[in-house]
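Architecture and fold: a report
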Amino acid sequence: MTKQVNSARGIAADVAAGRTNAVETAKAALARIEAAKALNAVVTIDPARTLADAAAVDARLRAGETLPLAGVPIVVKDNIWVAGWRVTQGSRLFADFVAPEDAVAIERLRRAGAVIVGIGATSEFACKGVTTSQLYGPTRHPLDRALTPGGSSGGPAAAVAAGLVPLAIGTDAGGSSRRPPAHVGVAGFKPSYGAIPYGPGFAEPFFGLSVIAPIASDVADIALAFEAMTGADPRDPDSAVIASQAEDVAGLRMAFSPRLGLDVAVDDVVADGLSSTVDRLSAAGLRIMQRDPVWPTGATEDAIMPLQHAGLAALYGNAFRKEPTIFDPDVAKQIERGLSWSGTEVAGALVASAAVASAFAAFLTHVDLLLTPTVPCVAWSLTQLGPDMIGGKPASPRGHAVFTPFVNHARLPAISIPCGTDPRGLPFGLQIIARRGQDRTLLGAAQRIEAMLRR
């Protein structure tokens, strides 16, 4: 079983009311992290810095400040800048890098009273669907240490699921903060592109796809973190103000697409579990039709993956040529492929990405929310890039990732919430997708759906 700690909301309320304080809360989180070292979910801690930050939060409260995240301990993914902390992108190339400043999102979380207690593991450059790196080794699933939590935000997701912290911050360029939460039984939110400012930080290989993504045990904590981080900032030219008012959840038109309109395999336990979930939601009064998006010819993840490969090659190709063995072998293959793509092929991937975005936007003119599986399978062996079989068919190394990347290319908000387990107790998730900019509507609907599923 995953462990439950007090919610971020509960911790903030207790610290603000003086029932506890930020320093004691941080000490408890550090103790939990130390006790769970075998999971390898948190790869860097700095207790002295953490406790000094917590003491500063307590002083701010005594001075009369109102802090919505007062004393809430958080883990931040190892590719997001946190001033003064070692942040490596899971790469030996950045093994000694110390972030010179906070990313805007981290700056805002600190302003709201959050306390950073550790850096969460990622795969190298956040470019694998499992969380392992040459620098730190593999992150393990909290329910079964022989399994992976998925990736690339496996460290933050595992830290929340194991009860080390109530809230973690990941990134999501193709599902990295939705699939791991689905595999470990927590919630993960990918905001609209631009809803949370991105950077200052590392150069991104993903050409305008990656977002800062909160992970928590429930949607209300995600919404709390989102409100602390959202809003345009001049340091990020892509950041934007999103809709300030949520739509009435009761009147939303919802569609369920069992395979997202794609010819992909899904394990029976996941397909049956999602179907049962939708039946329960319909019986509880939600209006849900079954309807699939219609994708342009040739729309597959393979068609858009050259963007990631070319981005990696542009950033790290020279280092790869000099010393290829410094890289994770799976990432090295991606860089090598990126070096081989022609300009025309990369442009073709951009065309495919734009076509996916247009098709998704057209579909969402007919419905307000789309429900799909987050993952087609449960977690698999720690030693493999993906499961051997999905839905009774041989699976490709990316067969586990089929339901999330198109959302990034369409720049839409999406959230994964737990909705079932297989007979071994391994979780899977329900993905809910909304129109770009309707993040608050999506979070409100997700809270209502979460409550229905918990009854």
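Rules and cut-offs
Residues numbered from 1 in each chain as written. Predicted model: local features only at pLDDT ≥ 70, side-chain atom pairs only at ≥ 80, totals over all residues. Heavy atoms only, no water. Helix = DSSP H or I, 4+ residues; strand = E, 2+ residues; numbered from the N terminus. Rg over C-alpha atoms; globule rule 2.2 N^0.38 Å. Buried < 20%, exposed > 50% of the residue type's maximum accessible area, 1.4 Å probe, protein only. Contact = heavy atoms within 4.5 Å. Lys, Arg positive; Asp, Glu negative; His and termini not counted. Charge placed at Lys NZ, Arg CZ, Asp CG, Glu CD. UniProt positions renumbered as here; feature names shortened; annotations may be inferred. Salt bridge = Lys/Arg side-chain N within 4 Å of Asp/Glu carboxyl O. Pairing = 2+ DSSP bridges. Axes fitted to C-alpha atoms, helices over the stretch in contact; angles between N-to-C directions. Polar contact = N/O pair within 3.5 Å; in protein donor to acceptor, adjacent residues only side chain to side chain. 1 Å grid on protein atoms, 1.4 Å probe; cavity = no way out; pocket = protein on both sides within 12 Å on 5 of 7 lines; lining within 4 Å. Points joined across faces, edges and corners; volume = space filled by probe spheres on them. Nonpolar A, V, L, I, M, F, W, Y, C, P; charged D, E, K, R; others polar. Expected span 1.5 Å × (residues − 1). Arc of directions from axis to C-beta. Phe/Tyr/Trp six-rings, centres within 6.5 Å; stacked < 30°, edge-to-face > 60°.

Observations regarding the overall build of the protein
Summing up its helical and strand segments, the protein has 14 helices and 15 strands in all. A compact globule built from 455 residues would reach a C-alpha radius of gyration of about 23 Å, and the protein, at 20 Å, matches this within 12%. Along the first, second and third principal axes, the C-alpha set of the protein runs to 60 × 60 × 45 Å. For the protein, buried positions account for 60% of its 455 residues. By sequence separation, contacts in the protein at least 24 residues apart represent 77% of the contacts at least 6 residues apart. Charged side chains in the protein number 41 positive and 42 negative. The centres of these two groups are separated by 2 Å.

Looking at the UniProt feature "domain: Amidase" (unreviewed entry) in the protein
As recorded in UniProt, the sites labelled "domain: Amidase" (unreviewed entry) are residues 26-443. As annotated, residues 26-443 has a helix share of 33% and a strand share of 16%, and its two end C-alpha atoms lie 28 Å apart.

Some points on the pattern of salt bridges
One side chain can pair with another of opposite charge once the charged atoms of both are near each other. Taken as a whole and assessed by the stated rule, the structure comprises 22 salt bridges. Measuring nitrogen to oxygen at the nearest pair gives 3.0 Å for the salt bridge that ties aspartate 218 to arginine 9. Taken together, the residues aspartate 218 in the loop between strand 8 (211-216) and helix 7 (219-229) and arginine 9 in helix 1 (residues 8-17) connect sequence positions 209 residues apart. We note a salt bridge from glutamate 301 to arginine 398, for which the minimum N-O separation is 2.5 Å. Highlighted residues: glutamate 301 in helix 9 (residues 301-304) and arginine 398 in the loop between strand 13 (393-394) and helix 13 (405-410), separated in sequence by 97 residues.

Looking at the sheet that holds strand 7 (residues 187-190)
An order of 1-3-2-6-8-7-14-15-11-9-10 is seen for the 11 strands of this open sheet, with the pairing classed as mixed. Two strands bound the open sheet, and with one partner strand each, they are strand 1 (42-44) and strand 10 (288-290). Mean inter-strand twist for the sheet, computed between neighbouring axes without regard to direction, equals 30°. Where strand 7 meets strand 14 (residues 414-421), three bridges bridge the pair, whose relative direction is antiparallel. Note that in strand 14 the partner of lysine 190 across the bridge is alanine 414. Docked against the sheet, helix 2 (residues 22-35) engages strand 1, strand 2 (73-77) and strand 3 (115-120), running at close to 15° with respect to strand 3. Contacting strand 6 (167-172), strand 7, strand 8 and strand 14, helix 7 crosses the sheet at an angle of about 145° to strand 8.

A short note on the side chain of threonine 374
Looking at the secondary structure, you find threonine 374 in the loop between strand 11 (369-373) and strand 12 (389-390). The exposure class assigned to threonine 374 is buried, which follows from its relative accessible area of 0%. Here glutamine 431 takes part through its backbone nitrogen, which lies 3.2 Å from a polar atom of the side chain of threonine 374.

A few points about the pairing of strand 2
Burial analysis of strand 2 places five of its five residues in the buried class, the great majority of the element. Along strand 2, one buried face is formed by Pro73, Val75 and Lys77 and the opposite face, lined by Ile74 and Val76, is buried too. Taken together, the five bridges between strand 2 and strand 3 define a ladder with parallel strand orientation. Each bridged residue has a counterpart across the sheet, and for proline 73 the counterpart in strand 3 is valine 115.

Let's talk about the environment of serine 192
Looking at the secondary structure, you find serine 192 in the loop between strand 7 and strand 8. The buried category is assigned to serine 192, whose relative accessible area is 2%. Beyond its immediate stretch of four places on either side in the chain, serine 192 contacts Val211, Arg411, Leu412, Pro413, Arg435, Arg436, Gly437, Gln438 and Asp439. Among the polar contacts listed, one links the side chain of serine 192 to the side chain of aspartate 439, at a separation of 2.6 Å.

What to know about the layout of surface pockets
For the largest pocket, the calculated volume is near 1,100 Å³. As for the largest pocket, its lining consists of 47 residues, of which Glu301, Asp302, Met305, Ser396 and Arg398 are closest to the centre. When residues of the lining of the largest pocket are traced back to their parent elements, those giving at least two are helix 9, helix 10 (306-322), helix 11 (329-340), strand 13 and helix 13. Broken down by class, the residue content of the lining of the largest pocket amounts to 24 nonpolar, 13 polar and 10 charged.

A word on helix 2
Over its 14 residues, helix 2 extends 20 Å from the first C-alpha to the last, a length consistent with the 20 Å expected when each residue adds 1.5 Å. Of all the positions in helix 2, only Ala22, Val23, Thr25, Ala26, Ala29, Leu30 and Ile33 are classed as buried. On an axial view of helix 2, the arc spanned by its buried residues comes to 160°, and they lie on one face. Next to the buried residues of helix 2 lie helix 1, strand 1, helix 3 (47-62), strand 2 and strand 3.

Side note on helix 7
For helix 7, the buried fraction is high: nine of the 11 residues fall into the buried class. Turning to helix 7, its buried residues are Val219, Ala220, Asp221, Ile222, Ala223, Ala225, Phe226, Ala228 and Met229. Count one or two residues on from helix 7 and you reach glycine 231, which has phi positive near 120°.

A closer look at the packing of aromatic side chains
Within the structure shown, the criterion is met by 13 aromatic pairs. With a centroid separation of 5.5 Å and an interplanar angle of 80°, the aromatic rings of phenylalanine 189 and phenylalanine 226 are classed as edge-to-face. Taken together, the residues phenylalanine 189 in strand 7 and phenylalanine 226 in helix 7 connect sequence positions 37 residues apart. Judged by relative accessible area, phenylalanine 189 falls into the buried class, the value being 0%. Note on phenylalanine 226: relative accessible area 0%, which makes it buried. Summarising the aromatic geometry, the rings of tryptophan 295 and phenylalanine 360 are spaced 5.0 Å apart at their centres and angled 85° between planes, so their arrangement reads as edge-to-face.

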